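Overview (structure and organization)
So you can see what is in the structure, the chains are spelled out below.
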Amino acid sequence: MLLLQNARIASENSPTLLEGDVLIVEGKIQDVGNNLAIPEGARVIDARGRILMPAMFDAHVHFRAPGFENKETITTGSEAAINGGVTGVVMMPNTRPAIDSAAVVATVLESAERKSRIPVYTSGCVTKDRQGKELAEIDGMRALGVKMLTDDGDTTSDPAVLLRAMQYATEFGMFFASHCEVPELAGPRSLNEGVMSYRLGIKGSPACAEEIIIDRDIRLARAAGAHIHIQHVSSKLGMETIRWWKSRGDVKVTAEVAPHHLLFTDEHIGDYDTNYKMNPPLRTQADCDALLEGLKEGVFDLIATDHAPHTPFEKAQDFISAPNGITGLETALVSLYHFFVRPGKFGWDLVVKRYSAEPRRLMGLPVPTIEVGQPADCVLFDTEAETTFTKEFMKSKSQNTPFINQTLNGRVDMVILGTEILLER
Amino acid sequence: MARKDLLDIASLHREEIEFLLDQSTSFKQVFTCSVKKVPALEGKSVLMLFYEPSTRTHTSFEVAAKRLSAEVTNFNVAHSSVTKGESIRETVETLQAMRTDYIVVRHSRSGLPGMIARQTKASVINAGDGAHAHPTQALLDAFTIKEKFPDPRGKKVLIIGDILHSRVARSTSNLLQKLGVEVAYLGPGSLVPKYGPETIRRFTDYDAAMAWAPDVVYLLRVQMERQDVQFFPSLREYHRLYGITTERLEEIRQRGLYIMHPGPVNRGVELCDAVMDYERSLINNQVENGIAVRMAVLDWLTPGGESPRSEPTFGRSAAPLPHFTA
């Protein structure tokens, strides 16, 4: 039994924070109100000034298992999630072997059941081994609960293959998530084509490489009557393309944006800092501004981190050789607070809606709220405290993030899931 | 302030450039002596780490180091552990253990010399990294131009060719602009990026570029090996549109323009054979001056310190950080 007193309660439906007490009994919210009586045996937590909100859900993470456990495991990845205030994730299938069959899905989910303290869901591949040629064994994966199909990390290049997959799998109630990139245009370098790519002498990846596929895949989804989810949009025109398609209303489109694409530009790469190397690449300030606008407007349904761990050895290579990706699970909520909520660019309601509620809706999962009768699935966040992202602080096996050794305002103080307190600082 | 490394032109101050060019003049005088050697780097070791084939830059550095009395070791990449899969980092750690004083490095990856510099106490000189920088080439180009125009301010240099893949274009244009020289690029639209510096004029038409009235025409080597897709239809068409043809050489001769090229020359592509005999071709001057400039650079750097950019710092670049003021 847990009584959180005088918390400021956030919800997706109101920019106003309600102040009150929350009583959690046997993993459920039993009461919400002012000056609640302290039940006998209850642990009382003074939450004055702190934000209590539904816990986050990340619909785009790479836990690297099976196959790349030197970068991340389900155990370390899920602990990183908890460390960042996240109580549910969807893994991407670019593992080795790729998650493209019922057998691999079963292995991953069984492993997650044993090794993770939070629910771990997985997406499945559109095509076998993500090769873009033959359809993966879709129904077998569906039977084990897979809802999202994606060849993430790569675009399903052949539009005919993707269209067939959409026509087939939509009948099973599945949806498609697209990593959008024309490989022939993008090249392997993951640096935005522009002033910075010229300065650094690295051939850049133009934003149109992404925008073409955003448009292509939405058109294919429209033709197939499928639900398409556009992953990690990085460009202004990409956002505007999605906005236009959504305004037509004749195709089901959802989209996500990653915190790093809101926060950083290609200028941050500076002296070839591989902690800023990701795919799609960081673009310009105008793109960042447009993405923020898209998030506030609801063009982006959800925030997802694309948590992509890599070992220090891999990231210590030169910029061209280093792999794409940065970790995000542990820094997302604090950085969203520090850079957006605290300066008043958006409110807690947007954070809850886009990083907690909508990702769960995308996955067809119940959406937790801080209301009587709801299961306890929440985060207590201290806006006055700070977080320093040291190696010791991080639970992820990898620390490839621009935030390493940096201090930001805000701290995840407590993560509660059902009857368990998963994290307490 | 003493510098440990020379990695690019962008980080060089104008005073440092002037100093190096002045020193190069002094070192060039050594060439006229019967003993072309000074003891400046006696007892020091210079390691040549060339991951890309190079004749003139490699030889130029080697001669420069030897004329300063340094010991020169050539790291033979073809016969090294690199071919067995050893990483650059491991290689540099091994070389560090050998306590070399200077590492001259050329690599196809942009930024790699900087990465090596952060891992070693030796002075690292970038002898060309990808399409990023070639600082000693820029210095020797500037030195060569200054020999003809002692005060180069206001002079115009037209750089022709594959700007997209050229570290020479980036470094030389950067340095010349620091000296007050006007720079313009000319080449196919596919090889002259639209997002280059705004201070550099961009031409895709030869006649329009010549109407800009350059004092020096700087031809870049067409580097077919760097082009992963086709950027222009044929070498013949390139020569016709952007090369110095026999007819164009006549016009250049009449206008008294100087011609430069970093070498090696693709004859019949960037220029016709007759250019090599043109009295205002500075191509051989560039080669000779390269040795003097590299002597000045080796003499100027101070091995032993840490690279100032050894630790990545959040938002350390010069980028404006509007979101970071919260």
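Residues numbered from 1 in each chain as written. Chains lettered and ligands numbered in written order. Predicted model: local features only at pLDDT ≥ 70, side-chain atom pairs only at ≥ 80, totals over all residues. Heavy atoms only, no water.

- An unreviewed UniProt entry lists chain B under the name Aspartate carbamoyltransferase, from Hymenobacter oligotrophus.
- Word for word, the UniProt comment on chain B under Subunit (unreviewed entry) is "Heterododecamer (2C3:3R2) of six catalytic PyrB chains organized as two trimers (C3), and six regulatory PyrI chains organized as three dimers (R2)."
- Its UniProt record, at the heading Function (unreviewed entry), says of chain B: "Catalyzes the condensation of carbamoyl phosphate and aspartate to form carbamoyl aspartate and inorganic phosphate, the committed step in the de novo pyrimidine nucleotide biosynthesis pathway." (UniProt positions renumbered as here; feature names shortened; annotations may be inferred.)

- Naming follows an unreviewed UniProt entry, where chain A appears as Dihydroorotase of Hymenobacter oligotrophus.
- Its UniProt record, at the heading Pathway (unreviewed entry), says of chain A: "Pyrimidine metabolism; UMP biosynthesis via de novo pathway; (S)-dihydroorotate from bicarbonate: step 3/3."
- Its UniProt record, at the heading Function (unreviewed entry), says of chain A: "Catalyzes the reversible cyclization of carbamoyl aspartate to dihydroorotate."

What to know about the overall build of chain B
- Across its full length, chain B holds ten helices and nine strands.
- For chain B, the proportion of its 326 residues judged to be buried stands at 56%.
- Contacts in chain B between residues far apart in sequence, at least 24 positions, make up 74% of those at least 6 positions apart.
- In the structure as shown, chain B presents an accessible area of about 14,000 Å², 49% of it carried by carbon and sulfur atoms. (Helix = DSSP H or I, 4+ residues; strand = E, 2+ residues; numbered from the N terminus. Buried < 20%, exposed > 50% of the residue type's maximum accessible area, 1.4 Å probe, protein only. Contact = heavy atoms within 4.5 Å. Areas by Shrake-Rupley, 256 points an atom, 1.4 Å probe, with all protein chains shown as cover.)

What to know about the interface of chain A and chain B
- Contact residues are listed per partner, giving 40 residues for chain A and 36 residues for chain B.
- Each partner contributes to the roughly 3,000 Å² buried at the junction of chain A and chain B, and carbon and sulfur atoms together form 57% of this total.
- It is A:Tyr198, A:Lys203 and A:Asp271 that lose the most area in chain A upon contact with chain B, and together they represent 25% of the buried surface on that side.
- Put simply, chain A and chain B have two salt bridges between them.
- Linking chain A with chain B are nine residue pairs in polar contact (both at pLDDT 80 or more).
- Secondary structure elements with two or more residues in the side of chain A that touches chain B: α6 (195–200), α9 (259–263), α10 (285–297) and α12 (332–341) of chain A.
- At five residues, α6(A) tops the list of elements feeding residues into the side of chain A that touches chain B. (Buried area = accessible area lost by both parts, 1.4 Å probe. Salt bridge = Lys/Arg side-chain N within 4 Å of Asp/Glu carboxyl O. Polar contact = N/O pair within 3.5 Å; in protein donor to acceptor, adjacent residues only side chain to side chain.)

Here we look at the sheet that holds strand β6 (residues 56–61) of chain A
All names here are of chain A.
- Taken in spatial order, the three strands make up an open sheet running β6-β7-β8, and their pairing is parallel. The sheet is open, and its two borders are formed by β6 and β8 (120–122), each paired with just one other strand. Neighbouring strand axes in the sheet, compared pairwise and without regard to direction, differ in orientation by 20° on average.
- As defined by bridge partners, β6 adjoins strand β7 (residues 86–91) across three bridges and the pair is classed as parallel. Paired with valine 61 across the two strands is methionine 91, which belongs to β7.
- On the sheet, helix α2 (residues 102–115) packs against β7 and β8 and is oriented at approximately 170° with respect to β8. (Pairing = 2+ DSSP bridges. Axes fitted to C-alpha atoms, helices over the stretch in contact; angles between N-to-C directions.)

Describing the UniProt feature "binding site: Zn(2+) 2" (unreviewed entry) in chain A
Residues and elements named next belong to chain A.
- Residues annotated by UniProt as "binding site: Zn(2+) 2" (unreviewed entry) correspond here to Asp152, His179 and His232. Taken along the chain, the residues just named run across 81 residues; in space they keep tight, none of their C-alpha pairs more than 10.4 Å apart.
- Structurally, aspartate 152 can be placed in the loop between β9 (148–149) and α4 (159–169).
- Judged by relative accessible area, aspartate 152 falls into the buried class, the value being 1%.
- Ignoring sequence-local partners within four residues, the contact set of aspartate 152 consists of His60, His62, Met92, Pro93, Asn94, Arg130, His179, Gln231 and His232.
- Of the polar contacts made by the side chain of aspartate 152, one reaches the side chain of histidine 62; its length is 3.2 Å.
- Relative to the helices and strands, histidine 232 resides in the loop between β11 (227–230) and α8 (236–248).
- Overall, histidine 232 belongs to the buried group, its relative accessible area being 2%.
- If we ignore the near neighbours within four places in the chain, the residues touching histidine 232 are His60, Asp152, His179, Glu210, Glu256, His261, Asn279, Pro280 and Asp306.
- At 3.3 Å, the side chain of histidine 232 forms a polar contact with the side chain of histidine 179.

Description of helix α7 (residues 207–224) of chain A
All names here are of chain A.
- Helix length check: α7 (18 residues) gives 26 Å between terminal C-alpha atoms against 26 Å at 1.5 Å per residue, within 8%.
- Those residues of α7 that are buried are in contact with α4, β10 (175–178), α5 (183–186), β11, α8 and β12 (252–257).
- Looking at the residues trailing α7, positive phi occurs at glycine 225, about 70°. (Expected span 1.5 Å × (residues − 1).)

Structural notes on the nonpolar core
- Ranked by internal contacts, the top residues of the largest apolar core, which has 102 residues, are A:Met53, A:Ile230, A:Ile242, A:Trp348 and A:Phe381.
- Ranked by residues supplied to this core, first place goes to α12(A) with eight residues.
- Each of two domains, domain 1 (2–52 + 372–424) and domain 2 (55–362) of chain A, supplies a minimum of three residues to this core.
- With near-sequence residues (within four places) excluded, A:Ile230 lies in contact with A:Ser178, A:Cys180, A:Ile214, A:Ile218, A:Ile242, A:Val253, A:Thr254, A:Ala255 and A:Glu256.
- The next biggest cluster of nonpolar side chains, apart from the first, holds 88 residues, and it includes B:Leu6, B:Leu68, B:Ile200 and B:Ala292. (Core = buried A, V, L, I, M, F, W, Y, C linked by side-chain atoms within 4.5 Å. Domains from an automatic or database assignment.)

What to know about the UniProt feature "binding site: carbamoyl phosphate" (unreviewed entry) in chain B
Residue and element names in this part refer to chain B.
- As annotated in UniProt, the feature "binding site: carbamoyl phosphate" (unreviewed entry) corresponds to Arg56, Thr57, Arg106, His134, Gln137, Gly263 and Pro264 in the numbering used here.
- Residue class for arginine 56 comes out partly exposed when judged on its relative accessible area of 34%.
- What arginine 56 contacts, discounting residues up to four positions off in sequence, is Pro262, Gly263, Pro264 and Val287.
- Along the chain, threonine 57 turns up in helix α2 (residues 56–67).
- Overall, threonine 57 belongs to the buried group, its relative accessible area being 7%.
- Residues in contact with threonine 57, not counting those within four places in the same chain, are Phe50, Arg106, Ala127, His134 and Arg294.

Here we look at the UniProt feature "binding site: Zn(2+) 1" (unreviewed entry) in chain A
All names here are of chain A.
- When the UniProt feature table is mapped onto this chain, "binding site: Zn(2+) 1" (unreviewed entry) is found at His60, His62, Asp152 and Asp306. Look at the named residues: they lie 247 residues apart in sequence, but the longest C-alpha span between them is just 10.1 Å, so in the fold they bunch up.
- Note on placement: aspartate 306 falls in the loop between β13 (302–303) and α11 (312–315).
- Beyond its immediate stretch of four places on either side in the chain, aspartate 306 contacts Asp58, His60, His62, His232, His260, Asn279 and Ile326.
- Within the structure, aspartate 306 has its side chain in polar contact with the side chain of histidine 62 (distance 2.9 Å).

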